[in-house]
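# Examination of the molecular architecture
The lines below spell out each chain.
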Amino acid sequence: MGTAVDAPNKGTNGSMAEKKPTVVFVLGGPGSGKGTQCANIVEHFGYTHLSAGDLLRAEIRSGSENGTMIQNMIKEGKIVPSEVTIKLLQQAMAESGNDKFLIDGFPRNEENRAAFEDVTKIEPAFVLFFDCSEEEMERRLLGRNQGREDDNIETIRKRFKVFLESSLPVIEHYKSRGKVRMIEAARPIEEVFESVKAVFTSKNEAE
Ligand code: UDP
Ligand code: MG
């Protein structure tokens, strides 16, 4: 929805003068600790946390027409079509009233990434990457008991495969642009957060 003044709010080149939001992509394998650390970042640094997986699960619960399709894809560990996820992210950004976002668990493949940049014209300030062994991630996923339909060993194996084949190339893309901040994630929560804090404290250097 527009504000009271819509049309005149343009820069000299005709583009909207509105400042683009700051976006940090938070990536890492399933169970690497993205959600946990995002909650800490929100508390300390004033970002709004948008978990793509949580937005998709909320969309299933809302009874939307895409619900069944999303549910089936999540159960199989597959990546939901970009337009669905991007629409949910855009809505959540617009509704938040904030201009700083942690986008957690997205983009999951190169197509997600290109589509997001295309549609929103937003490039991430940087990418936080939680590096964790599969062994440790599997242990966490099987131990967390959040009632998720995809936290069973069969789906977990599929999610690991999708992560290696489809999501790691996104990390490589941003690595080649100097945008990846790698965090050793197979450590206790507080220790990991110390490393995360260091990244956000030197954020200006990153932009
Ligand atoms: N998912 C998706 N696109 C996204 C984010 C999530 O398709 O951008 C789906 C995908 O099936 C994934 C599942 O939602 O396996 C769970 O994602 P979430 O990020 O919640 O789980 P995590 O990998 O962090 O444990
Ligand atoms: Mg998560």
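Basis of the calculations
- Residues numbered from 1 in each chain as written.
- Chains lettered and ligands numbered in written order.
- Predicted model: local features only at pLDDT ≥ 70, side-chain atom pairs only at ≥ 80, totals over all residues.
- Heavy atoms only, no water.
- UniProt positions renumbered as here; feature names shortened; annotations may be inferred.
- Helix = DSSP H or I, 4+ residues; strand = E, 2+ residues; numbered from the N terminus.
- Buried < 20%, exposed > 50% of the residue type's maximum accessible area, 1.4 Å probe, protein only.
- Contact = heavy atoms within 4.5 Å.
- Near = heavy atom within 4 Å.
- Polar contact = N/O pair within 3.5 Å; in protein donor to acceptor, adjacent residues only side chain to side chain.
- Areas by Shrake-Rupley, 256 points an atom, 1.4 Å probe, with all protein chains shown as cover.
- Phe/Tyr/Trp six-rings, centres within 6.5 Å; stacked < 30°, edge-to-face > 60°.
- Salt bridge = Lys/Arg side-chain N within 4 Å of Asp/Glu carboxyl O.

## Remarks on the UniProt feature "binding site: CMP" (unreviewed entry) in the protein
Here the UniProt feature "binding site: CMP" (unreviewed entry) sits at Asn112. Mapped onto the elements of the fold, Asn112 is located in helix α5 (residues 110-120). Of the residues examined, Asn112 reaches a relative accessible area of 2% and is grouped as buried. The contacts of Asn112, once residues within four sequence positions are left out, are Ile79, Val80, Ser82, Ile86, Phe106 and Pro107.

## Thoughts on the site of ligand 1
Residues in contact with ligand 1 amount to 21 residues; listed here are only the nearest, Arg57, Lys78, Val80, Arg108 and Arg159. Within the side chain of Lys34, a nitrogen or oxygen atom sits 2.9 Å from an oxygen atom of ligand 1. Between ligand 1 and Arg108 there is a distance of 2.7 Å, counted from an oxygen atom to a side-chain nitrogen or oxygen. Taking 530 Å² as the accessible area of ligand 1 by itself, protein coverage stands at 96%. At the level of secondary structure, the elements contributing two or more residues to the shell around ligand 1 comprise α2 (52-61) and α3 (67-75). Looking at the shell around ligand 1, the element that brings in the most residues is α2, giving four residues.

## Topic: the side chain of Ser32
Structurally, Ser32 can be placed in the loop between β1 (22-28) and α1 (34-45). Looking at Ser32, the relative accessible area reads 2%, which means it is buried. A polar side-chain atom of Ser32 sits 2.7 Å from the main-chain carbonyl oxygen of Gly29. Setting aside chain neighbours within four positions, we find Ser32 in contact with Phe130, Cys132, Met137, Arg140 and Ala185.

## Quick word on the packing of aromatic side chains
Aromatic ring pairs are reported here in terms of the distance separating the ring centres and the angle at which the planes meet. Within the structure shown, the criterion is met by seven aromatic pairs. An angle of 50° between the planes, with centres 6.1 Å apart, marks the rings of Phe25 and Tyr174 as tilted. Residue Phe25 is found in strand β1, and its partner Tyr174 is found in helix α7 (residues 153-175); the two are separated by 149 residues along the sequence. Taken together, the ring pairs connect Phe25, Phe106, Phe116 and Tyr174 into an aromatic cluster.

## Digging into the pattern of salt bridges
Counting across every chain of the model gives 17 salt bridges. When the shortest N-O distance is used, the salt bridge between Arg113 and Glu110 registers 2.8 Å. With Arg113 and Glu110 both in helix α5 and three residues apart, this pair spans about one turn of that helix. A relative accessible area of 31% means that Glu110 is categorised as partly exposed.

## Describing the UniProt feature "binding site: a ribonucleoside 5'-phosphate" (unreviewed entry) in the protein
What UniProt calls "binding site: a ribonucleoside 5'-phosphate" (unreviewed entry) maps, in this numbering, to Arg57, Lys78, Ile79, Val80, Gly105, Phe106, Pro107, Arg108, Arg148 and Arg159. Here Arg57 lies in helix α2. Those residues in contact with Arg57, other than ones at most four positions away along the chain, are Ser51, Ile74 and Arg148. Only 2.8 Å separates the side chain of Arg57 from the side chain of Asp54, close enough to count as a polar contact. Tracing the backbone shows Pro107 in the loop between β3 (100-104) and α5. Residue Pro107 is classed as buried on the basis of its relative accessible area of 2%.

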